[in-house]
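Tertiary structure, described
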Amino acid sequence: MKGIPPDVQEIIVYKLMKDLFELRKKEKIPPFFTILEEAHNYCVTGDTKILTDSGNKRIDELAAEKVLTYNHLTENFEYNKVDKYWPVRKTKILELTSSNRKLRCTLDHPIFDKNTYTKAEYANSFSIPIVRQYCMNKKIIEARLMGAIFSDGWMSINKQVGFSGKFEDMETIKKELKILGLKSPKIYSFKNKQPSKIEKRDGTISNVSGKGCSVNCSTNAFKYFSELGAPIGQKVIQIVGVPKWIIEGSNEIKSDFLAGLMGGDGDIIQSYGKNFYAIRLYFSKIDELKICAREHAKDIMNLFKDLGVKTTLSSRVGNIRKKDHKKTTKYIITISNSDLNLIKFCENIGYRYNIEKEHLCFKVLRYLKIKQNIVNDRIELRNRAIRLKKENGCGK
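Just so you know, the residues in each chain are numbered from 1, in the order the chain's sequence is written. Confidence filtering applies because this is a predicted model: local features only for residues at pLDDT of at least 70, side-chain atom pairs given and counted only at 80 or more, and all residues used for totals across whole chains, interfaces and linings. To get the side-chain values, take all heavy atoms of the structure and skip hydrogens and water.

Focus on the environment of Lys357
Worth spelling out the cut-off: Here a helix means four or more residues in a row that DSSP labels H or I, a strand means two or more in a row labelled E, and each is numbered from the N terminus. By definition, residues are in contact when any of their heavy atoms lie within 4.5 Å. Any pair of N or O atoms that falls within 3.5 Å is considered a polar contact. Within protein, one atom must be able to donate a hydrogen and the other to accept it, and sequence-neighbouring residues count only if both atoms are side-chain atoms.
As for its placement among the helices and strands, Lys357 is situated in helix 9 (residues 355-392). Sequence separation between Lys357 and Gly264 is 93 residues; the distance between their C-alpha atoms is 9.8 Å. If sequence neighbours within four positions are ignored, Lys357 has contacts with Met262, Gly263, Gly264, Gly266, Asp267, Ile268 and Tyr351. Polar side-chain contacts of Lys357 include one of 3.3 Å to the backbone oxygen of Met262.

Put into structure tokens, the structure is as follows:
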């Protein structure tokens, strides 16, 4: 039925199968077995970028990559292999737009419109996932996990690697460790029986308690991340630097390292009125390592700069360590809270291994994009009014 409109094809197939069914009921034809192969001609345009396990790729450049799909039964995103390819065809193209997003596709392409699928030409809206999906390229996974180790993770002197956070985030880390060929036992839950006492420099004592989940890995994982340049032992009392392969890596490597870092040690985005507070990233060092600490902060800030995000550095008096009574300083990398800078942060970096921060980051990005569009439309309207006044003498 090549060349026949899809709607007509559906009617033909329905009529054919109905007639066969009626004939079989009257025993006018012998028993038969029918195979209907699912086929379609709808598609997006060739320049549409698709998220694969090795990053974003144009759909017309796909080869052996696995493509991100959504499983409605499990309500999870999954990477699956492409089963079939259809040749390029000439047909009408529809462009759907929504708050700075565009999708160009055939008129009959299925669109998830709120609760069900509908043809693109009849769609009133289209759904957008509220989290940026993780790239499954091994080098990107390494960078992401290194960011987690530099924040809430650890490399102990007894050759163990550990990560901590919420249960669902630890599940994600376990899956990614498996992709790297590294084993990890079950996820453990913890809750401090008694609050930890932290002495401040002014002599006051703060009681800190917490709960969460953790994953500990074997000596193989310790060797693996040691070779990648992960810091071993307590980060606060030693010289720590961003590994050279991350500093000189691709923007994707830099982005996911920072996102892993922000997932653990970065502020969650908070609003005031129609605006947002500046986001901050924290780390502490003993006072003897002030110079090294500032060099480390500079390396991190340069990674942000490479991705178009503006930051500043400040510091404040830290605490007194209980074990050795050494004084510490807290270093604060602040991400400017201008709308444009926050858009670049949310779009190019964001958070990893912290689903709460990830969801909020995406919502903030959508809000800021819509806000930016409204502002741009007003500016364009004002400019048009000015042009009309100059050309025709209209207006005040």
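There's more to say after this.
A few points about helix 8 (residues 339-348)
To keep things clear, this is the line we draw: Buried means the residue's accessible area, taken with a 1.4 Å probe over protein chains only, is under 20% of the maximum for its type, while exposed means over 50%, and partly exposed covers the values in between.
Of the residues making up helix 8, those classed as buried are Asn341, Leu342, Ile343, Phe345 and Cys346. At its buried positions, helix 8 is contacted by helix 6 (251-265), strand 16 (275-276), strand 17 (279-286), helix 7 (290-306), strand 19 (327-335) and helix 9. Following helix 8 by one or two positions, Gly350 has its phi on the positive side, about 75°.

Quick look at the sheet that holds strand 10 (residues 161-165)
Defined as follows: Strand pairing is defined by DSSP finding a minimum of two bridges between the two strands. All axes here are fitted lines through C-alpha atoms, helices being fitted over the stretch that makes contact, and every angle between N-to-C directions spans 0 to 180 degrees.
Overall, antiparallel pairing links the four strands, which are arranged 9-10-14-11 in an open sheet. Only two strands of the sheet have a single neighbouring strand rather than two, namely strand 9 (154-155) and strand 11 (188-191). For strand 11 and strand 14 (residues 211-217), the ladder comprises four bridges, and the chain directions are antiparallel. Across the sheet, the residue bridging to Ser189 is Cys213, located in strand 14. Here helix 2 (residues 138-150) sits on the sheet in contact with strand 9 and strand 10, set at roughly 80° to strand 10. Helix-sheet contacts for helix 3 (residues 167-179) involve strand 10 and strand 14, and the interaxial angle to strand 14 is about 10°.

Observations concerning the nonpolar core
Put simply, the rule is: Definition used in this section: a nonpolar core is a set of buried Ala, Val, Leu, Ile, Met, Phe, Trp, Tyr and Cys residues joined via side-chain atoms within 4.5 Å.
By size, the foremost hydrophobic cluster in this structure holds 64 residues, and its most contacted members are Phe163, Phe225, Phe257, Phe304 and Phe345. Counting residues per element, this core draws most heavily on helix 2, at eight residues. Beyond its immediate stretch of four places on either side in the chain, Phe163 contacts Leu145, Ala148, Ile149, Gly153, Trp154, Met170, Ile173, Leu177, Cys213, Ser214, Val215 and Cys217. Val44, Leu96, Ala120 and Ala123 belong to the second-largest nonpolar core, a separate cluster that totals seven residues.

Some remarks on the packing of aromatic side chains
Rules: Two rings from Phe, Tyr or Trp (for Trp, the six-membered ring) form a pair when their centres sit within 6.5 Å of each other. Planes less than 30 degrees apart are called stacked, planes more than 60 degrees apart edge-to-face, and all others tilted. Consider the ring centre and the ring normal. A charge sits over the ring if Lys NZ or Arg CZ is within 6 Å of that centre and within 35 degrees of that normal.
Evaluated as defined, the whole model comprises eight aromatic pairs. Aromatic pair Phe283 and Tyr331: ring centres 5.4 Å apart, planes at 20°, arrangement stacked. You can see Phe283 sitting in strand 17 and its partner Tyr331 sitting in strand 19, a full 48 residues away along the chain. Among the residues examined, Tyr331 registers a relative accessible area of 2% and is labelled buried. When the ring of Phe345 is compared with that of Tyr351, the centres are 5.6 Å apart and the planes differ by 85°; the resulting orientation is edge-to-face. The exposure classification of Phe345 matches that of Tyr351, with both residues buried. When the ring centre of Trp245 is taken as reference, the NZ or CZ atom of Lys139 above it lies at 4.7 Å.

Notes on the packing of helix 6 against helix 7
Counted only if it meets this: When describing relative orientation, an angle under 35 degrees is termed roughly parallel and one over 145 degrees roughly antiparallel, while 65 to 115 degrees is termed roughly perpendicular and anything else oblique. Crossing chirality is assigned from the near helix's rotation relative to the far helix, an anticlockwise turn below a right angle marking it left-handed and a clockwise turn marking it right-handed. Three residue categories are used. Nonpolar comprises Ala, Val, Leu, Ile, Met, Phe, Trp, Tyr, Cys and Pro, charged comprises Asp, Glu, Lys and Arg, and polar comprises the others, including Gly.
The contact between helix 6 and helix 7 brings their axes to 10 Å, and the two run at 125°. When the axes of helix 6 and helix 7 are compared, the pair comes out oblique. The handedness of the crossing between helix 6 and helix 7 is left-handed. Contact residues: helix 6 offers Asn251, Lys254, Phe257, Leu258, Leu261 and Met262, while helix 7 offers Ile300, Leu303, Phe304 and Asp306. A per-class count over the contact of helix 6 with helix 7 returns seven nonpolar, one polar and two charged.

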